[in-house]
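The primary structure of each chain is shown beneath.
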Amino acid sequence: MHDRHVESNVFRALRRSVAGAGAAACLGGSALADGPFLFIPEFIGFPEPHAPTMIALGDLDDDGDPDVVVTGRGATNVVYILINDGSEFADPVPFEVGGQTDWAEIVDLDDDGVLDLCVAMRAFRGRLQVYRGLGDGSFETTGRELLLGREPRCVVAADFDGDGDQDLAGLDHREPTCTIHYNDGTGEFRTSRSFVVSAASVSIPYPQAMVADDLDGDGDPDLVVDCLGSSRIQILRNRGDGTFDAAEGWRPPRVLGEVGGMGQVVTGDLDGDGRGDPVVPLILIDSPSHVGVLRNRTDEDGIAFEQQDAAPSTGGGYAFTVDLGDFDGDGDLDVVVGHALPGRVTVLDNRTVPVSEGGDGQIVFEPFQQVLLDNFFRDVAVCDLDGDCDPDLLAIDLVSNGLYRIENFTTQESGCAPANPRLPMKRSVTSIRRGPVDEFGVDITDVVPDGRIDGRDLAKILTDHSGRVLRTPEDATR
């Protein structure tokens, strides 16, 4: 514990110094956020090998600060809970869930004002497990089981049927289905229904990630699904009663004709027109990884997107995870990307000029800025961790077995950043961390399979990876 104490003291001193300079700039009113982003990271290791997979956020102890649950594929079959006091996290506390987990949602399911925990259990016999929150940062140890299909990778909470409570949608990876469990308002789920998220294609769809967003502005949440096997974003349009139109597939932007693999999808209004745009990390073999944006033009007449040219997200490594936040307080959403092999966290400053402000609405980013370097960033998340009204970052590294808390000290153009549009309010123990792995060899085979080798195969290899260092002979295919 002594090492962590020293590290935290140094971190706090540096934070006070930078915060003072940033406050002076904001009060002076003369500094605009045209310079580089400024983030300061602190690393928190997990006490046992955890193979962390995803960051979930919510105020578990009702003190006004977002706390964290980190899922994982470790042999101990736990998730880790990290309670936030506004300035730092307490030591990670294991919570037994009985299996490997790839995703979690923190949400009040029984309308008692206390947040509950739902985890997607990664198993051949897939299921969701729901644990009732106790309001003090802990949960009841006995969970409620909701059945899914083969190997769930994602769970999303939203009011799909419009009855005022939060339903749960679980996404299966080994079969192209999503199952909605409908909440009766008391936290009980008495009915469920499955929907096909991808039509037949030349390859196995392998649904990987999903978000709920009202793409067409009709007041109910639609589903946006990343199918990494077919490299398509599938849209399931909500009819308003918790049932959905047949899935419609859209290709993300290609880079020099190359099809990219996708490990995740998020949505946010990047072009300032009031509609959520799907944003994906693009894993490429012949080019550096990019970020792809599909500009949303969906309305009452149907699903429609303008596919934009993608922006480079790194000079090395593979883009795996993405999130959005207004890091410089200029009123638009910037993009943060986590990469693998080697791991880099980069941020792209959004310089799009909306049509409403006299621009053409075309998506424009400044060149990416690197924030961190490690091994394999499996997830990144954006929220205001310290209550200073600008969004901070969280990132988990699969190989280094830990969580980065990354506080934002970027000068805010507005003086104070707006609230993160993705949060509902909407993702410590010392360990020895291995340094960045500079050279990885990845043996890429046709794992999708579709008769060719491209970014989709690499995306599948990375999403199946459970923490062992990927290293093959020097002559392995990159």
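No experiment lies behind these values; they were computed from the predicted model shown.

Observations concerning the pairing of strand S10 (residues 152–158)
For S10, a buried count of seven out of seven residues is recorded, marking the element as mostly surrounded by other parts of the structure. Where S10 and strand S11 (residues 167–172) come together, six bridges link them in antiparallel fashion. Its bridge partner being in S11, Val156 is matched across the sheet by Ala169.

What about the nonpolar core?
Leu117, Leu168, Ile180 and Met210 are the most contacted members of the largest nonpolar core, which has 45 residues in total. Setting aside chain neighbours within four positions, we find Leu168 in contact with Leu109, Cys118, Leu128, Val130, Leu146, Val155, Val156, Ala157, Thr179, Ile180, His181 and Phe189.

A word on the confidence of the model for the protein
For the protein, per-residue confidence averages 84 on the pLDDT scale, and 83% of positions sit at 70 or higher. Across the protein, element-level confidence peaks in strand S4 (residues 78–82) with a mean pLDDT of 98 and bottoms out in helix H1 (residues 2–28) with 36. Segment residues 1–33: pLDDT under 50, and 40 contacts once partners within four positions in sequence are set aside and those in other chains are kept. Of the regions scoring below 50 in pLDDT, residues 417–440 engages in 77 contacts with residues more than four places distant in sequence or in other chains.

Digging into the state of the cysteines
Applying the stated criterion across every chain, the model contains zero disulfides. Lacking any disulfide linkage, Cys178 is separated from the closest cysteine sulfur, that of Cys154, by 8.6 Å.

Description of empty space enclosed by the protein
Of the volumes computed, that of the largest cavity is approximately 100 Å³. Taken together, Thr53, Asp102, Trp103, Arg153, Gln208, Ala209, Gly263, Gln264, Phe320, Arg378 and Asp379 make up the full set of residues lining the largest cavity.

As for the sheet that holds strand S5 (residues 93–96)
Here we have four strands laid out as an open sheet, ordered S2-S3-S4-S5, and antiparallel in their pairing. Sheet topology places strand S2 (52–58) and S5 at the edges, where each strand pairs with a single neighbour. For this sheet the average axis-to-axis angle between neighbouring strands, irrespective of direction, equals 25°. Sheet topology places strand S3 (residues 67–72) next to S4; three bridges connect them, and they run antiparallel. Bridge pairing in S4 links Val70 to Tyr80.

Some remarks on the packing of aromatic side chains
Enumeration according to the criterion identifies twelve aromatic pairs in this entry. Where Phe320 meets Phe376, the ring centres are 5.3 Å apart and the plane angle is 80°; that geometry is what we call edge-to-face. Of this pair, Phe320 sits in strand S23 (residues 318–325) while Phe376 sits in strand S25 (residues 369–383); the two residues are 56 residues apart in sequence, bridging distant segments of the chain. As far as the burial class goes, Phe320 and Phe376 line up, both buried. Chaining the aromatic ring pairs together yields one cluster made of Phe37, Phe39 and Phe327. When the ring centre of Phe89 is taken as origin, the NZ or CZ atom of Arg405, which lies over that ring, is 4.7 Å away. Here the guanidinium or amino end of Lys460 rests over the ring plane of Tyr206, the centre of that ring lying 4.0 Å away.

A look at the sheet that holds strand S27 (residues 402–408)
Each strand in a sheet pairs with another by means of backbone hydrogen bonds, the pair being arranged parallel or else antiparallel. Strand order in the open sheet formed by six strands is S1-S27-S26-S25-S24-S23, and the pairing between neighbours is antiparallel. Two strands bound the open sheet, and with one partner strand each, they are strand S1 (39–45) and S23. In this sheet, adjacent strand axes meet at a mean angle of 35° when their direction is disregarded. Pairing geometry for S1 and S27, over seven bridges, is antiparallel. Note that in S27 the partner of Phe39 across the bridge is Asn408. Contacting S23, strand S24 (334–348) and S25, helix H2 (residues 455–464) crosses the sheet at an angle of about 75° to S23.

How each quantity is defined
Residues numbered from 1 in each chain as written. Predicted model: local features only at pLDDT ≥ 70, side-chain atom pairs only at ≥ 80, totals over all residues. Heavy atoms only, no water. Buried < 20%, exposed > 50% of the residue type's maximum accessible area, 1.4 Å probe, protein only. Helix = DSSP H or I, 4+ residues; strand = E, 2+ residues; numbered from the N terminus. Pairing = 2+ DSSP bridges. Core = buried A, V, L, I, M, F, W, Y, C linked by side-chain atoms within 4.5 Å. Contact = heavy atoms within 4.5 Å. pLDDT = per-residue confidence, 0-100. Disulfide = S-S within 2.5 Å. 1 Å grid on protein atoms, 1.4 Å probe; cavity = no way out; pocket = protein on both sides within 12 Å on 5 of 7 lines; lining within 4 Å. Points joined across faces, edges and corners; volume = space filled by probe spheres on them. Axes fitted to C-alpha atoms, helices over the stretch in contact; angles between N-to-C directions. Phe/Tyr/Trp six-rings, centres within 6.5 Å; stacked < 30°, edge-to-face > 60°. Lys NZ or Arg CZ within 6 Å of the ring centre and 35° of its normal.

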